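Coordinate inspection notes
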Amino acid sequence: MTKQKRTKIVDILQCTEFDKEVLVKGWIRNRRFSKNVAFLSVNDGSTINNIQIVVTNPSEELTAKCSVGSSVACIGKWVKSQGDKQLGEVEAKEVTITGFADPELYPLQPKKHSLEFLREIAHLRFRTSTFGAVFRIRHAMAYAIHKFFNDRGFVYINTPIITASDCEGAGEMFRVTTMDLENLPKNESGKVDYTKDFFGKSTNLTVSGQLEAELAAMALSQVYTFGPTFRAENSNTTRHLAEFWMVEPEMAFYDINDNMDIAEEMLKYLIQYALDNCMDDIMFLDQRLQNEEKDKPQNERSDMGLIEKLKFVVSHDFARVSYTEAIDVLQNSNYNKKNKFKYPVTGWGLDLQSEHERYLVEHHYKRPVILTDYPKEIKAFYMKQNEDGKTVRAMDVLFPQIGEIIGGSERESDYTKLVTRMREMGVPEKEMFWYLDLRRFGTVEHSGFGLGFERLILFVTGMSNIRDVIAFPRTPGNADF
Ligand code: 4AD
Ligand code: MG
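This report concerns the structure included in the present document. Keep in mind that this is a model prediction, so the values were computed, not measured. (Residues numbered from 1 in each chain as written. Chains lettered and ligands numbered in written order. Predicted model: local features only at pLDDT ≥ 70, side-chain atom pairs only at ≥ 80, totals over all residues. Heavy atoms only, no water.)

**Side note on the pattern of salt bridges**
This model, assessed by the stated rule, comprises 27 salt bridges. We note a salt bridge from Glu-362 to Arg-358, for which the minimum N-O separation is 2.8 Å. Residue Glu-362 and its partner Arg-358 are located together in helix α11 (residues 354-365), separated by four residues, close to a single helical turn. Between Arg-423 and Glu-429 there is a salt bridge; the shortest N-O distance is 2.8 Å. Residue classification places Glu-429 among the partly exposed positions, given a relative accessible area of 26%. Beyond isolated ion pairs, a larger network of salt bridges with shared partners links Asp-261, Glu-264, Lys-268, Asp-317 and Arg-320. (Salt bridge = Lys/Arg side-chain N within 4 Å of Asp/Glu carboxyl O. Helix = DSSP H or I, 4+ residues; strand = E, 2+ residues; numbered from the N terminus. Buried < 20%, exposed > 50% of the residue type's maximum accessible area, 1.4 Å probe, protein only.)

Here it is in structure tokens:
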């Protein structure tokens, strides 16, 4: 084949200059034959749309080998289509099957496969329209996050993945060690001797980059991290991963109201960015969701389509409600009275479950909700304590279908209050000297939050299982690929 530059399918499909020669490369998504013509539908991942390649008088070899999943290279003429479904098609001059996919063995066929089945072939599911759309949107959201913060003067900080501290204090961490588990070194009292381990102490994978981000914010004022975080919680739900990505801004001189403002602004910005830049993919996913909804019983169907839902969130103020108010609403709800919650709302102090969060968003306030001022007992040690002695300046952002999408707070900036709380909660004060030092040397009011990146992608794509918005999900019992 003559050396020619490949043109991406997304660019050809928009080209209104016809009768030019192009080189197309991609994978066959579908094919059909009629008389002495073969029609190949080819995709290269640059767009959800396939290009049609028309091969007149295909050779016997081509006819045998142009199976679904095979890779193909084609030089041909981009010509105007007769039909109105697409602008044009490629009249093939030279077609080569560069990698044959044996139809007897290739697991992806042009029919509906279940998402569960596709999870088992996660190495191939990128080649479906659904996953192509999801991963293009995921990329666009990552880009938009950096753009949002860059445009506002934030500095991107890379916080460590291996850490000796437990930010959330929940103890659900994966251990990092080079010690021989069959033959662990022990100290005099018979306990494992971590001084013999690689780092000379016990280490884990991080659950959050927040504590280190705070250090940077105390000098650079506005920073953010965006990286992988790890939680060894044994939750097999559609919203939990053992390895997920978190976006964590941290801002000096921000109180909880500033924190809520920027969280709301960011979520709206990201969703608007998707609407402005990923419409082909969103339209496909919207249609996909409509088809899914048809199979559901009437009372489980959502009353909004994907696009409608995205536009709704962008154009409405989030409700801002205190935890105390929310408990009141929940406790007096018909849902609670009729025992419809799996976890009944017993009263103040209860840690909210996602069914409660979703009730507030979907049934009561009917828009995203920012809940603030939670009981200190159910929140992390670093949150700023309120004057009432009972609550802390936490803020969780709750979304339809998702529940909690963001968790954050104003941080305790008073040294004495922070130390007291750490002691009460058994957070090792000596090891955390560096975190406390911030409050000893030039402390300032500051705030931050963590956005679960995959939960954002769930919302924007309308997918319902978090395993379907990350390329290679890690969940209890599963670390394949
Ligand atoms: O509420 P979380 O635990 O907050 C923190 O880690 C804080 N240090 C963040 C901060 O203030 N800088 O987690 C933040 C968000 C949650 O709201 C949720 O969206 C997501 O991270 N998240 C998970 N996403 C997927 N799988 C899991 N297991 C998750 N756990 C939390
Ligand atoms: Mg949380």
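**What to know about the pairing of strand β14 (residues 391-399)**
With nine of nine residues buried, β14 lies mostly within the body of the structure. Note that strand β13 (residues 369-375) and β14 share six bridges and pair antiparallel. For Val-369, the partnering residue across the bridge sits in β14 and is Leu-398. Across six bridges, β14 lies against strand β15 (residues 403-410) in antiparallel orientation. Paired with Leu-398 across the two strands is Glu-404, which belongs to β15. Hairpin connection, β14 to β15: the antiparallel pair is bridged by three residues, and Gln-401 has positive phi, about 70°. (Pairing = 2+ DSSP bridges.)

**Considerations on empty space enclosed by the protein**
This structure, assessed with the given rule, holds one cavity of 30 Å³ or more. Contributing to the lining of the largest cavity are Thr-163, Ser-165, Cys-167, Thr-206, Ser-208, Leu-211, Glu-212 and Trp-434. (1 Å grid on protein atoms, 1.4 Å probe; cavity = no way out; pocket = protein on both sides within 12 Å on 5 of 7 lines; lining within 4 Å. Points joined across faces, edges and corners; volume = space filled by probe spheres on them.)

**Some details on the sheet that holds strand β8 (residues 175-176)**
Here we have three strands laid out as an open sheet, ordered β7-β9-β8, and antiparallel in their pairing. Looking at the sheet topology across the chains shown, the edges are occupied by β7 (162-163) and β8.

**A look at the site of ligand 1**
The environment of ligand 1 is formed by 25 residues, the closest being Glu-168, Gln-210, Arg-231, Glu-248 and Glu-404. The separation between a nitrogen atom of ligand 1 and a polar side-chain atom of Ser-208 is 3.0 Å. In the model, a nitrogen atom of ligand 1 is placed 3.0 Å from a nitrogen or oxygen of the Glu-233 side chain. Considered on its own, ligand 1 offers 630 Å² of accessible surface; in the complex 94% of this is hidden by protein. (Near = heavy atom within 4 Å. Polar contact = N/O pair within 3.5 Å; in protein donor to acceptor, adjacent residues only side chain to side chain. Areas by Shrake-Rupley, 256 points an atom, 1.4 Å probe, with all protein chains shown as cover.)

**With respect to the pairing of strand β3 (residues 51-56)**
Pairing of strand β2 (residues 37-43) with β3, which is carried by six bridges, proceeds in the antiparallel orientation. Bridging across to β3, Val-37 finds its partner in Thr-56.

**Remarks on a nonpolar patch on the surface**
Nonpolar side chains collect at one region of the surface, where Ile-161, Ile-162, Phe-198 and Phe-199 lie side by side and expose about 390 Å² of accessible area between them. Tracing the backbone through its elements, the reader meets Ile-162 in strand β7. Judged by its relative accessible area of 38%, Ile-162 falls in the partly exposed class. (Patch = residues over 30% accessible without salt bridge, like charges linked within 9 Å, V, L, I, M, F, W, Y side chains within 5 Å.)

**Some points on the sheet that holds strand β12 (residues 319-322)**
Sheet architecture is open: eight strands sit in the order β6-β10-β11-β16-β15-β14-β13-β12, paired in mixed fashion. Single-partner strands in this sheet number two, and they are β6 (155-156) and β12. As judged from the five bridges shared by strand β11 (residues 243-252) and strand β16 (residues 446-452), these two strands associate in the antiparallel manner. Across the sheet, Met-251 pairs through a bridge with Ser-447, a residue of β16. This element, helix α14 (residues 453-461), spans β10 (222-230), β11, β14, β15 and β16 of the sheet and lies at about 55° to β16. (Contact = heavy atoms within 4.5 Å. Axes fitted to C-alpha atoms, helices over the stretch in contact; angles between N-to-C directions.)

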